[in-house]
Amino acid sequence: MAATRSVMRAVRVFEFGGPDVLKLQSDVSVPVPKEHQVLIKVHVCGVNPVETYIRSGTHARKPALPYTPGSDVAGVVESVGEHVTAFKKGDRVFTLETLSGGYAEYAVAAANRVFPLPDKLDFRQGAAIGVPYFTAYRALLQKGRARAGESVLVHGASGGVSMPRRQLLGALLPAPASALLGVSCVSRGLQVGLAACQIARAYGLKVLGTAGTEEGMNVILRNGAHQAFNHRDPNYTERIKACTGPGGVDIIIEMLSNVNLDADLQLLSCAGRVMVVGCRGRIEINPRDTMSRESSIIGVGLFLATEEERRECAAAILGGVEAGWLKPVVGLEYPLEKVAQAHEDIIHSSGARGKMVLLV
């Protein structure tokens, strides 16, 4: 599409619901960047599980209808608004979030949510960085205060869950909500889990990971885990305890806290901490389990990061790319026309692939 055109193809949501509410339109106005904003010609957009929550209407934050989903895009700067000096037309970039939505040929983002895409990465990999790696870094280093020599358990590192997905969703949600949700913990676990494995290994931690399949275990071992455990094994927690010894695990990155948190508290070391990255409902725990170890349960919300913290994340992530240890894992790829299929497939993901992306 020529840069001078005023309309573009973009996915629009006019009502909350299942994947079928995602409508690809060809007459959407190309957004114009305002001051401190950047217009990006999108090459690839990542598909994040939270986008299916928002689309279904079950997420706490609901955008005004109609809207275009998508936050993690990779592409080329088309133009910049006033007071933007860090980027110019033609720069390769990726984003942490967008203002106009990433499932589109063009997207506007605040300049402080745009980052240079290293030459070592292609656009597909660039679209797999944002939310997963920033979240993993925040959980491990900023909130978890991880130190070299500590142990970390990435619970659901390949994205698998410790009970069948349909059973899990049915137990957590009323029927209408579970039918509309269109998201599974397998994808969130995979995206953040593999990022956490890579980051933890690079920062000198002993990395343990869980997965639900042999394939998933191999994936996490290839991405930084020292040891992998099958969480479908009824005795997997005992195997983890045997591995860590009486000291326990220093940090747990938890993707499905409403299922695993009670067991997590039994695995922690003294002053250990569980970083809650994912949750799908309530769980009952015994607070005495935290008292006996003086352990902590800490929630992680990327959207609460300060500007300084985001800059720290970006510097560490870009440094990891340059050093060669940060390697985004890309999974299934879809043309923009197949966006509904991508949202549908997240539900059935095995969790052992990589981040789903839309090729624009």
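The present account deals with the structure reproduced in this document. What you see is a predicted model; the values in this text were computed from it and never measured.

1. Comments concerning the pattern of salt bridges
Okay, so step 1: A full pass over the atoms with the stated rule returns 17 salt bridges.
Okay, so step 2: Note that Arg113 is salt-bridged to Glu97, the shortest N-O span being 3.4 Å. Of the two residues, Arg113 sits in the loop between strand S6 (106–110) and strand S7 (114–116) while Glu97 sits in the loop between strand S5 (92–95) and S6, which places them 16 residues apart along the sequence.
Okay, so step 3: The class for Glu97 is partly exposed, based on a relative accessible area of 34%.
Okay, so step 4: A single network of salt bridges, built from pairs that share partners, joins Glu97, Arg113, Glu307, Arg310 and Arg311.

2. Brief notes about the packing of helix H8 (residues 236–244) against helix H9 (residues 257–267)
Okay, so step 1: Packing of H8 against H9 brings their axes to within 10 Å, and their N-to-C directions diverge by 25°. By the angle between their directions, the pair H8 and H9 is classed as roughly parallel. Considering only the axes of H8 and H9, their crossing is right-handed. Seen from H8, the contacting residues are Tyr236, Thr237, Ile240 and Lys241; seen from H9, they are Asn260, Gln266 and Leu267.

3. With respect to the pairing of strand S9 (residues 206–211)
Okay, so step 1: Along S9, 5 of the 6 residues are buried, which leaves the element largely enclosed by surrounding structure.
Okay, so step 2: In the sheet, S9 pairs with strand S10 (residues 227–230) via 4 bridges, with the strands oriented parallel. Each residue of the ladder has a partner; that of Ala211, found in S10, is Asn230.

4. Observations concerning the sheet that holds S10
Okay, so step 1: One open sheet accounts for 6 strands, arranged S10-S9-S8-S11-S12-S13; its pairing is parallel. Where the open sheet ends on each side, the last strands, each with one partner, are S10 and strand S13 (296–299). Taking each pair of neighbouring strands and ignoring which way they run, the sheet shows an average axis angle of 20°.
Okay, so step 2: Where helix H7 (residues 214–222) meets the sheet, it contacts S9 and S10, and its direction lies at approximately 160° from that of S10.

5. Digging into the packing of aromatic side chains
Okay, so step 1: Under the defined criterion, the tally for this structure stands at 5 aromatic pairs.
Okay, so step 2: Ring centres 5.4 Å apart and planes at 40° place the aromatic pair Phe115 and Phe134 in the tilted group. One end of the pair, Phe115, is in strand S7; the other, Phe134, is in helix H3 (residues 130–143), with 19 residues separating them in the sequence.
Okay, so step 3: Accessibility expressed as a relative area gives 8% for Phe115, which makes it buried.
Okay, so step 4: Seen from their ring centres, Tyr203 and Trp325 are 6.3 Å apart, and the 85° between their planes marks the pair as edge-to-face. Of the two residues, Tyr203 is situated in the loop between helix H6 (185–202) and S9 and Trp325 in the loop between helix H11 (307–323) and strand S14 (330–335); the sequence distance between them amounts to 122 residues.
Okay, so step 5: Residue class for Trp325 comes out partly exposed when judged on its relative accessible area of 27%.
Okay, so step 6: Cation over ring: Arg61 sits above Phe303, and NZ or CZ is 4.7 Å from the ring centre.

Thresholds applied
- Residues numbered from 1 in each chain as written.
- Predicted model: local features only at pLDDT ≥ 70, side-chain atom pairs only at ≥ 80, totals over all residues.
- Heavy atoms only, no water.
- Salt bridge = Lys/Arg side-chain N within 4 Å of Asp/Glu carboxyl O.
- Helix = DSSP H or I, 4+ residues; strand = E, 2+ residues; numbered from the N terminus.
- Buried < 20%, exposed > 50% of the residue type's maximum accessible area, 1.4 Å probe, protein only.
- Axes fitted to C-alpha atoms, helices over the stretch in contact; angles between N-to-C directions.
- Parallel < 35°, antiparallel > 145°, perpendicular 65-115°, else oblique.
- Left-handed = near helix turned anticlockwise from the far one by under 90°.
- Contact = heavy atoms within 4.5 Å.
- Pairing = 2+ DSSP bridges.
- Phe/Tyr/Trp six-rings, centres within 6.5 Å; stacked < 30°, edge-to-face > 60°.
- Lys NZ or Arg CZ within 6 Å of the ring centre and 35° of its normal.

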